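# Fold and geometry: a report
Spelled out from the first residue to the last, the chains are:
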Amino acid sequence: MSETPTRYARTRGLRRHWYPITLTVLTLGTIAAFLANLTANGWANSFYAAAVQAGSENWEAFLFGSLDSANAITVDKPPASLWLMALSARVFGFSSFSMLLPQVLLAGVSELLIVHSVRLSLRSHVGPGLEKAAALGAGVIFAFSPVVALMFRFNNPDALLVTLMIGAVVATQHALRTLTEAHRRRPSRRIAGWLILAGVCLGLGFLTKQFQVLLIVPGLAVSWVLFARTSWPRRLLWLLVPLGSMIVSAGWWIALVELTPAGSRPYVGGSQSNSFLELTFGYNGFGRLTGNETGSVGGGGGGQGGGWGETGVTRLFTGSFGQQVSWFLPTALFLLIVTIVLLILAEAARRRRVPTVTDGTVPTGTRSTDTIPDTVTDGEKDAGLAVRASGAIGGGSLGAGLLMWGAWLIVTWLVLSNMNGIVHEYYTVALIPAIAAVIGLGVAVLLARDGFLPRLLLAVAWALTGAWQFIISSQMTGVPGVLRWCVLIVSILGALVLIVTAHRRIGTALASVLVALAILGSAAIPAQLAVRTIAGTTQGSIVTIAGTSSGMGGGPGGGGMPGGGVRPGGGAGGTDGTTGGTPGGTRNSEAGRGSTGGMPGGGGGMGGLLGASEPSDELTQLLEEDAADYTWAAATTGANQAAGYQLALEEPVMAIGGFNGTDPSPTLAEFKQLVADGKIHYYIGSGSGGGQGPGGGNEDSASSQIAAWVEANYEVTTVDSVSLYDLSAG
């Protein structure tokens with residue numbers, strides 16, 4: 001007799017705890033999946049791997065983000081993302097796994113923050129069950145997006161940048177919620193604390209990838225101004241809090257770099273005047289928009305004929321960009337427009353004193369038998385019954401949340417679409433949190449409403465998702481035709497079922513089946529690509545998800561740029577050991593048919609501009625001789641070439657000219673003095689296979705002058721097709 005009550009208690013307990021259980025499984029499952037096959041990525045982007053190695057060995061290199069532990073030159077970004085990886089390397093020892101582990105953990109943190117943000121937005125606007133389900137759905141979209149699987153298992157700065165941007169949104173939401181809690185006293189300290197945290201996230205985001213973090217600031221600021229329930233002067237004054245904390249959290253490091261004498265710190269990589277401010281506003285700033293990037297080797301406005309592809313609002317829907325990010329992008333834009341219209345109608349209904357209820361509840365002071373006045377249109381009735389219009393009622397703020405995420409989506413989409421300078425496909429990972437959150441919010445708002453129109457809009461969104469994924473996947477390799485057709489058919493049939501049953505109250509079983517089909521169907525192709533990306537090998541400077549390659553024409557990342565990846569220990573190729581050239585120093589090979597980009601006939605030679613060098617065992621042994629007696633075991637043009645040697649030698653290698661070989665560091669006079677002082681053992685010139693060459697391609701550059709001086713004054717030795725000059729023999 002006690003069996004039935006026990007079973008009932010278990011069922012009740014499961015219903016009560018289903019959300020934390022599901023969220024835990026989703027988060028830990030994402031982390032576990034991203035940890036799988038992690039070391040197959042080797043050093044990933046060797047440029048940043050060398051900086052992590054340097055930071056794990058030398059605190060000055062850690063602080064400034066130096067490429068080598070002898071502190072010749074920094075990477076061309078601020079060092080915040082390197083700090084996390086270098087600290088991990090100091091704790092666990094420097095390896096591929098210890099370097100990439102923080103990136104994977106950031107995926108779990110980002111997922112939790114997105115889920116929490118969606119719940120904050122929907123709280124008090126939809127029922128608690130729908131609120132939790134929509135938040136989990138947003139987390140699923142984030143986790144299953146293939147570009148997330150790519151970049152949160154890679155050592156570029158984008159993973160930390162995205163996490164900090166999400167953190168700034170969540171902190172701003174909490175500040176608004178604290179301010180709008182009418183049943184409590186308004187604790188200024190708590191509000192200030194959340195706003196300070198938002199500013200710190202933005203400041204650290206600036207120290208991660210400079211101006212890109214500021215793309216979300218308009219949405220945050222406007223949301224605060226419109227939805228903060230206080231006087232207008234106070235709203236504007238409160239904005240000074242995150243502004244101040246952002247300036248302080250980023251400004252201390254900027255001041256440190258700018259005020260430290262140039263001779264007492266490494267050269268600022270990517271700049272032409274050894275200035276971080278110049279790097280910020282030039283090469284990594286407005287130059288990315290205009291294409292006028294001094295020191296770059298390509299760009300929309302340069303002599304390579306728009307080497308970064310066509311600009312325009314369709315850029316992220318077509319070609320290699322569309323294959324990275326557009327799986328849910330049209331759906332997100334559609335639902336953003338729909339939800340905005342619903343909020344406007346709801347606000348109009350509220351202003352006409354229409355009772356607004358959520359998920360079947362009745363507002364305070366309104367009886368369940370009360371009716372909406374006949375003077376109100378059907379559209380206004382539906383809108384009034386859908387959401388609480390002001391977005392500032394109760395603990396949540398749907399309007400504010402939608403504005404923050406919608407502005408993030410629109411601003412980032414437009415900026416990436418119109419960049420004339422350096423832009424890579426993997427930059428689109430910054431769109432995924434906004435896409436996931438907007439879809440979660442939009443679907444929840446529509447599901448909270450009864451009637452034909454909400455069902456029709458949901459049907460359109462589902463069919464749009466399936467049709468677009470069918471189209472975009474047809475241009476890719478490795479996506480089975482059966483899977484593509486199944487996704488299309490399921491989405492169309494599911495949409496038809498939603499429309500047919502629009503005027504009926506469907507049962508729980510049918511609703512559960514439709515939700516499961518929508519989730520599984522819409523996520524099937526992105527999940528398949530994410531799994532293939534995880535199972536493959538991703539290395540190099542320009543990386544893309546499985547089944548795609550960089551679509552840049554000419555210039556960096558385009559055809560004709562040799563380069564390739566390097567594994568720890570110098571291993572090359574995939575599981576079958578094959579090799580083959582890939583454009584742009586990119587390596588993204590799938591299990592069973594791996595490839596390594598490299599110079600034609602490179603052997604143990606250079607990797608070129610965008611791919612790391614991969615020295616042979618013989619060359620490595622030669623360079624290691626007496627390396628401890630010198631500040632730099634060797635010097636060579638270009639950061640990626642230097643990084644490959646440094647990772648193989650585990651000794652500092654000077655990158656002449658920085659990433660592109662065009663930075664004036666060191667000058668010829670400075671290099672001569674370093675050689676005279678016995679601080680550099682070898683100069684590594686070009687390999688027989690071509691590639692970047694000893695002078696960086698510009699006869700007037702410092703790197704070219706150094707190459708010419710070395711060639712004129714030192715005897716060359718060829719080891720495995722690599723030109724080597726012993727500078728101690730002079």
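The structure presented is a predicted model; accordingly, all values stated were derived computationally and were not measured. (Residues numbered from 1 in each chain as written. Predicted model: local features only at pLDDT ≥ 70, side-chain atom pairs only at ≥ 80, totals over all residues. Heavy atoms only, no water.)

### Some remarks on a negative patch on the surface
So the rule is basically this: Residues form patches when they are more than 30% accessible in relative terms and have no salt bridge. Like charges link within 9 Å. Nonpolar side chains (Val, Leu, Ile, Met, Phe, Trp, Tyr) link within 5 Å. Throughout, the Shrake-Rupley method with a 1.4 Å probe supplies accessible areas, and for residues the shown protein chains are the sole cover considered. We define a salt bridge as a contact between a side-chain nitrogen of Lys or Arg and a carboxyl oxygen of Asp or Glu at a distance within 4 Å. Under the convention used here, Asp and Glu are negative, Lys and Arg are positive, and both His and the chain ends fall outside the count. One atom stands in for each charge, and that atom is NZ of Lys, CZ of Arg, CG of Asp or CD of Glu. Helix and strand labels come from DSSP, where a helix needs a run of H or I of at least four residues and a strand needs a run of E of at least two; each type is numbered from the N terminus. A 1.4 Å probe rolled over the protein chains alone gives each residue an accessible area, and that area as a share of the maximum for its type sets the label: buried under 20%, exposed over 50%, partly exposed in between.
A surface patch of negative charge is lined by E57, E624, E625, D626, D629 and E650. With respect to the helices, strands and loops of the structure, E650 is situated in the loop between α23 (639-649) and β4 (653-656). Looking at E650, the relative accessible area reads 58%, which means it is exposed.

### Here's the deal with unusual backbone geometry
Of the consecutive residues S665 and P666, the connecting peptide bond is found in the cis state with omega at -5°. With respect to the secondary-structure elements, P666 resides in the loop between β4 and α24 (668-676).

### Examining the pattern of salt bridges
Summed over the entire model, instances satisfying the criterion amount to four salt bridges. Of the charged contacts, one joins E131 and R119 as a salt bridge, the two residues approaching to 2.7 Å between their closest N and O atoms. Residue E131 is found in helix α6 (residues 128-144), and its partner R119 is found in helix α5 (residues 96-122); the two are separated by twelve residues along the sequence. The pair formed by E131 and R119 is uniform in burial state, with each residue classed as buried. Residues joined in a network through salt bridges with shared partners are R119, R123 and E131.

### A look at the nonpolar core
Applied cut-off: Residues enter a nonpolar core if they are buried and are Ala, Val, Leu, Ile, Met, Phe, Trp, Tyr or Cys, with the set joined through side-chain atoms within 4.5 Å. We call two residues in contact when some of their heavy atoms are within 4.5 Å.
Ranked by internal contacts, the top residues of the largest apolar core, which has 169 residues, are F152, W224, W405, L409, I435 and L623. With 13 residues, the single largest contributor to this core is helix α8 (residues 158-180). Beyond its immediate stretch of four places on either side in the chain, L409 contacts L329, A332, L333, L336, L431, A434, I435 and V438. Judged by nonpolar contacts, the second largest core, of 17 residues, contains W632, F671, I680 and Y683.

### Some points on the pairing of strand β6 (residues 716-719)
Each regular strand displays side chains that alternate between the two surfaces of the sheet. For the record, the criterion: Pairing between strands is defined by DSSP: at least two bridges between the two strands are required.
Two elements, β6 and strand β7 (residues 722-726), share four bridges in a ladder whose sense is antiparallel. By the bridge assignment, T717 is partnered in β7 with L724. Following β6, the chain reverses through two residues before pairing antiparallel with β7; D720 in that reversal takes a positive phi of roughly 50°.

### Notes on empty space enclosed by the protein
Stated precisely, the cut-off is as follows: Cavity means a closed set of points on a 1 Å grid over the protein atoms alone, one where a 1.4 Å probe fits but cannot get out, pocket means an open set with protein on both sides within 12 Å along at least 5 of 7 lines, and lining means a residue has an atom within 4 Å of a point. Grid points are joined across faces, edges and corners, and a volume is the space filled by probe spheres set on the points. Under the scheme applied, nonpolar residues are Ala, Val, Leu, Ile, Met, Phe, Trp, Tyr, Cys and Pro; charged residues are Asp, Glu, Lys and Arg; polar residues are all the others, including Gly.
Considering all chains together, one arrives at six cavities of 30 Å³ or more under this definition. If you add up the space inside the second largest cavity, you get close to 80 Å³. Taken together, 13 residues form the lining of the second largest cavity, with F64, T74, W253, V268 and F276 sitting closest to its centre. Of all the secondary-structure elements, those providing two or more residues to the lining of the second largest cavity are α12 (240-259) and α13 (276-290). Looking at the lining of the second largest cavity residue by residue, the classes come out as nine nonpolar, two polar and two charged.

### A closer look at α23
With respect to burial, α23 is a largely interior element, ten of its eleven residues being buried. Within the span of α23, buried status applies to A639, N640, Q641, A642, A643, G644, Y645, Q646, L647 and L649. Positioned one or two residues after α23, E650 has a phi angle of 60°, which is positive.

### Points about the packing of α5 against α8
Note the threshold: Lines fitted to the C-alpha atoms define the axes, with helices restricted to the stretch that makes contact. Angles between their N-to-C directions range from 0 to 180 degrees. Throughout, the term roughly parallel applies to angles under 35 degrees, roughly antiparallel to angles over 145, roughly perpendicular to angles from 65 to 115, and oblique to all others. By definition, any crossing whose near helix is turned counterclockwise from its far helix by less than a right angle is left-handed, and any crossing with a clockwise turn is right-handed.
Put simply, α5 and α8 touch, their axes get as near as 9 Å, and they point 25° apart. The pairing of α5 with α8 is recorded here as roughly parallel in orientation. Crossing handedness for the pair α5 and α8: left-handed. Here Q103, L106, V109, S110, L113, I114, H116, S117, L120 and S121 of α5 come into contact with α8, specifically with A159, L160, T163, I166, G167, V169, V170, Q173, H174 and R177. Along the lines of polarity and charge, the residues of the contact of α5 with α8 split into ten nonpolar, nine polar and one charged.

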